[in-house]
Structure formats: C-alpha cells, structure tokens
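Okay, here's what each chain looks like letter by letter:
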Amino acid sequence: MNDSPPTPDQPAQSPAAAPPSKPSATAFPGWEHATVEKLLFATLEEQRTARRWRTFKSLAWLVFFLFLVWTLGFRGTPAADKATAHTAVVEIEGEIGPDTEANAEFVIAAARAAFEDAGAQAVVLLINSPGGSPVQAGIINDELRRLKALHKKPLYAVVEESCASAAYYIAVSADRIFVDKASIVGSIGVLMEGWGFTGLMEKIGVERRLLTAGENKGFLDPFSPQTETHRLHAQQMLDVVHKQFIDIVKTGRGKRLKQDRPEMFSGLFWTGQQAVELGLADQLGNLDFVAREVIKAEELVDYTRRENIGERLVKRFGAAIGEGAVKALRTVPPMR
C-alpha cells in the first residue's frame with residue numbers, strides 16, 4: 001500500500017469520479033407487492049376478456065340458430081290481395097331433380113298455393129329447363145292435372161329458352177303451350193348413360209374384384225364387361241319409360257299433334273316455330289302476352305317456391321358431415 005501523498009503529476013481523485021453504486025432493495029420499499037399486484041390484475045383482465053369472448057360466441061351461435069329456424073320456416077308466400085285479379089306464375093328453372101330447386105315438392109307447393117288463391121285467374125308455368133328426372137316430372141304432371149280439375153282454373157305453359165325432355169313432360173299438363181319462335185322444344189325420349197373401363201383396365205394391368213350375391217347385382221358396373229342380357233334389360237326399361245312419356249304427350253296434346261311424323265317421338269327437338277307446326281305447342285307468345293291477352297289479368301304474382309338461406313346452410317352443413325362419413329366408411333369395402 002502506497003500512503004505517500006500524490007505528486008504534482010498525479011492529481012488526487014475526487015469523490016465524483018467514483019463509480020455509482022447500485023440501488024439497494026431498501027431504496028424502493030414494497031416493490032415485490034406492486035409487481036405481484038400487477039400480475040394479478042393482468043391475470044384477472046385476461047380472464048374477463050376470455051369470459052366476454054365465450055359469451056359473445058354463445059350469443060352469436062344463439063342468434064345464428066334463431067335466424068336458421070326463422071329462415072327454414074319462411075317460405076316467401078306471395079302477399080297478394082286475394083280479391084285482386086292477377087296471373088299466378090310458377091317458374092320451372094334449370095334441371096328437374098330431387099336435389100334441385102325444380103323438384104316436385106317445390107313446384108307442387110307453389111302450384112297448390114296459386115290454384116287456391118281466389119285472386120288468381122289462371123296459373124302459368126314459366127319454363128326454362130333442359131329436362132331431368134322423369135320421376136319428378138311425372139309426379140308434377142299428375143298433381144297439376146288434379147289441381148286443374150279440382151279448382152276449375154286454366155293452366156298455361158310459357159317457354160322461354162328451352163322446354164325439353166322432362167320439362168316438356170310437365171308442360172303437356174297445360175291447356176295451352178306458348179313458345180318463342182327460337183325456343184328449344186321437344187326431346188321426347190329417355191336415356192341412360194354410363195362408362196365402361198374394361199379395355200383400359202386390361203391395358204394398365206388392373207384387376208377388378210367384384211363380389212355379388214345375385215348374378216345380376218353388378219348390373220351396369222362400369223368396371224365389368226356389359227353382357228347382352230344386361231344390355232337388353234336396360235333397353236326394355238328405357239322403352240317402357242319412353243312409352244309412358246309418349247302416352248302422356250298424346251293425352252295432353254290430343255288431336256293437336258301431327259301424329260303422322262314418327263320422328264316426333266325420336267328424341268329430336270325443334271325450334272318454337274317448328275313446335276307450333278308439329279302441334280307440340282299452340283302459338284308464339286311470352287308471359288306478358290299471355291297475362292294481358294289470354295288471361296286478361298296483367299298483374300303478375302310469383303308463387304315460385306325457392307330454397308331459402310337457411311335451407312342452403314343446412315345443406316352445406318349436411319354435405320360437410322356426409323363427406324366426413326364417406327371418408328370414414330372408405331376403410332370398409334362397400335356392400336350394395
């Protein structure tokens with residue numbers, strides 16, 4: 001240790017030059033308590049936020065459920081005054097089938113409401129459809145003829161773009177059919193389509209293993225060769241349905257058909273102008289013309305039963321659930 005006084009070349013250290021000392025715990029009394037308190041408040045706030053979010057989600061689901069129930073129960077029935085004379089319109093748009101908007105349930109429900117309305121002077125089927133299920137078309141045709149006889153009201157069909165196959169099957173239930181000169185009308189025939197992959201499977205070396213109980217259970221299987229027996233059976237089925245179609249057309253159109261034209265029932269289709277010449281339709285005209293000049297009630301009221309938002313949501317949920325079920329079942333060979 002050097003206790004000698006500083007030389008002139010070594011100035012004495014000042015107290016300010018000493019390094020600062022760290023604050024001790026005693027300098028901030030109660031800091032632990034403040035920290036714990038902050039942590040507790042933060043935890044409580046987080047719990048309140050989570051609780052509010054859960055409450056919000058519960059309320060949102062409740063609102064959605066109530067909205068779904070309301071939309072499922074809402075059918076969009078026209079609010080026309082029954083005392084006001086009008087033309088009732090029922091649209092048949094797009095493919096006719098059990099899973100489309102042009103299905104028997106919707107069309108019949110709309111037609112019943114239209115026929116039962118005292119203000120409806122007549123019912124018009126506004127058709128724009130390429131066809132579809134003969135079963136759905138047959139159900140609609142039968143009910144329309146029954147409603148006509150029950151309510152003693154005229155039924156007209158007005159064709160826009162097309163009225164082919166199953167759509168024409170429905171149209172012949174009307175008293176008169178109106179078309180545009182360029183409409184597509186007809187296609188009085190039946191088809192059954194499919195694919196055959198047996199040749200391709202042989203080329204790529206794929207073996208089809210199909211087990212059946214019943215020698216015809218694999219009928220129309222696309223991965224098995226088609227036998228002459230199966231082909232003849234399918235053709236007989238088509239011929240029976242075709243005959244039903246022809247009979248319905250002849251019953252609906254009667255003597256107006258030019259029955260000396262055998263190609264009329266061959267599955268061909270014609271323009272609206274040709275359809276009038278063949279007796280498949282009565283005259284040219286659109287919806288406004290029929291309401292104004294034929295029915296004499298220009299006010300149009302749409303009775304068409306359409307799928308509402310709730311039903312679409314239900315179908316989407318159902319499709320998602322069904323897809324999951326199909327994936328689960330794929331682990332087990334299906335038995336049909």
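Model, not experiment: these values are computed from the prediction. (Residues numbered from 1 in each chain as written. Predicted model: local features only at pLDDT ≥ 70, side-chain atom pairs only at ≥ 80, totals over all residues. Heavy atoms only, no water.)

**Q** Can you lay out the overall build of the protein chain for me, pointing to particular residues and giving the numbers?
**A** Along the backbone of the protein chain there are 9 helices and 8 strands. By element, 60% of the accessible surface of the protein chain is carried by carbon and sulfur atoms, the whole surface being about 22400 Å². (Helix = DSSP H or I, 4+ residues; strand = E, 2+ residues; numbered from the N terminus. Areas by Shrake-Rupley, 256 points an atom, 1.4 Å probe, with all protein chains shown as cover.)

**Q** An account of the packing of aromatic side chains is needed here, citing residue identities and associated values.
**A** Taken as a whole, this structure holds 3 aromatic pairs when the rule is applied. Between tyrosine 169 and phenylalanine 245, the ring centres sit 5.1 Å apart and the planes meet at 40°, which makes this aromatic pair tilted. Taken as a pair, tyrosine 169 in helix α4 (residues 166-171) and phenylalanine 245 in helix α6 (residues 228-253) lie far apart in primary sequence, 76 residues in all. Here tyrosine 169 and phenylalanine 245 have matching classes, each one buried. Taken together, the aromatic side chains of Tyr156, Phe178 and Phe289 make up a single cluster linked through ring pairs. (Phe/Tyr/Trp six-rings, centres within 6.5 Å; stacked < 30°, edge-to-face > 60°. Buried < 20%, exposed > 50% of the residue type's maximum accessible area, 1.4 Å probe, protein only.)

**Q** Before we move on, could you go through unusual backbone geometry and cite the residues and values that matter?
**A** Positive phi outside glycine occurs at lysine 152, with the angle close to 55°. Of note, lysine 152 is situated in the loop between α3 (134-151) and β3 (155-164). On the basis of relative accessibility, which here comes to 70%, the residue lysine 152 falls in the exposed class.

**Q** Can you break down the side chain of lysine 148 residue by residue, with the values?
**A** You can see lysine 148 is positioned in helix α3. A distance of 2.9 Å separates a polar atom in the side chain of lysine 148 from the backbone oxygen of serine 173. When sequence neighbours within four positions are dropped, the list of residues in contact with lysine 148 reads Phe115, Lys153, Leu155, Ser173, Ala174 and Asp175. (Polar contact = N/O pair within 3.5 Å; in protein donor to acceptor, adjacent residues only side chain to side chain. Contact = heavy atoms within 4.5 Å.)

**Q** Outline the pairing of strand β1 (residues 86-93), listing residues and values.
**A** Counting buried positions over the 8 residues of β1 gives 6, a clear majority of the element. Examined bridge by bridge, β1 and strand β2 (residues 120-129) share 8 bridges and lie parallel to one another. Opposite isoleucine 92, over in β2, you have isoleucine 127 as the bridge partner. Handedness of the β-α-β unit built from β1, helix α2 (residues 104-116) and β2 comes out right-handed. Looking at chain direction, β1 and strand β8 (residues 300-302) are connected through 3 bridges and run parallel. (Pairing = 2+ DSSP bridges. Right-handed = clockwise from strand over helix to strand, strands pointing away.)

**Q** So what about the pattern of salt bridges? Which residues, and what values?
**A** When their charged atoms lie close together, side chains carrying opposite charge are able to pair. Using the criterion set out here, one finds 13 salt bridges in the structure. For the salt bridge of aspartate 282 with arginine 256, the shortest nitrogen-to-oxygen distance reads 3.1 Å. Remark: arginine 256 occurs in the loop between α6 and β6 (269-271) and aspartate 282 occurs in the loop between α7 (272-278) and β7 (283-284); sequence separation between them is 26 residues. Take aspartate 282: its relative accessible area is 22%, and that puts it in the partly exposed class. Classification of arginine 256 as partly exposed rests on a relative accessible area of 31%. Ionic contacts of the salt-bridge type, sharing partners, join the residues Glu91, Asp302 and Arg306 into one network. (Salt bridge = Lys/Arg side-chain N within 4 Å of Asp/Glu carboxyl O.)

**Q** So what's going on with the packing of α2 against α3? Residues and values would help.
**A** It is the contact of α2 with α3, at a shortest axis distance of 10 Å, that shows an interaxial angle of 10°. Relative to α3, the element α2 is oriented roughly parallel. Facing Ala104, Val107, Ile108, Ala111, Arg112, Phe115 and Glu116 of α2, the residues of α3 in contact are Gln136, Ile139, Ile140, Glu143, Leu144, Arg146, Leu147, Lys148 and His151. Looking at side-chain class alone, the contact of α2 with α3 contains 9 nonpolar, 2 polar and 5 charged residues. (Axes fitted to C-alpha atoms, helices over the stretch in contact; angles between N-to-C directions. Parallel < 35°, antiparallel > 145°, perpendicular 65-115°, else oblique. Nonpolar A, V, L, I, M, F, W, Y, C, P; charged D, E, K, R; others polar.)

**Q** Can you lay out α3 for me, pointing to particular residues and giving the numbers?
**A** If you check α3, its first and last C-alpha atoms are 26 Å apart, about what 18 residues at 1.5 Å a residue would give, namely 26 Å. Taken as a whole, α3 has its buried residues at Gln136, Ala137, Gly138, Ile140, Asn141, Glu143, Leu144, Leu147 and Lys148. Among the residues of α3, the N-terminal cap falls to serine 133, whose side-chain oxygen and the backbone nitrogen of valine 135 are separated by 3.2 Å. Of the residues flanking the end of α3, it is lysine 152, one or two places downstream, whose phi is positive at about 55°. (Expected span 1.5 Å × (residues − 1).)

**Q** Which residues make up the nonpolar core, and what values go with them?
**A** Leu125, Tyr168 and Leu280 are the most contacted members of the largest nonpolar core, which totals 50 residues. By size, the runner-up hydrophobic cluster in this structure holds 11 residues, among which are Ala122, Val124, Leu287 and Val290. (Core = buried A, V, L, I, M, F, W, Y, C linked by side-chain atoms within 4.5 Å.)

That's the geometry; what it means functionally is another story.
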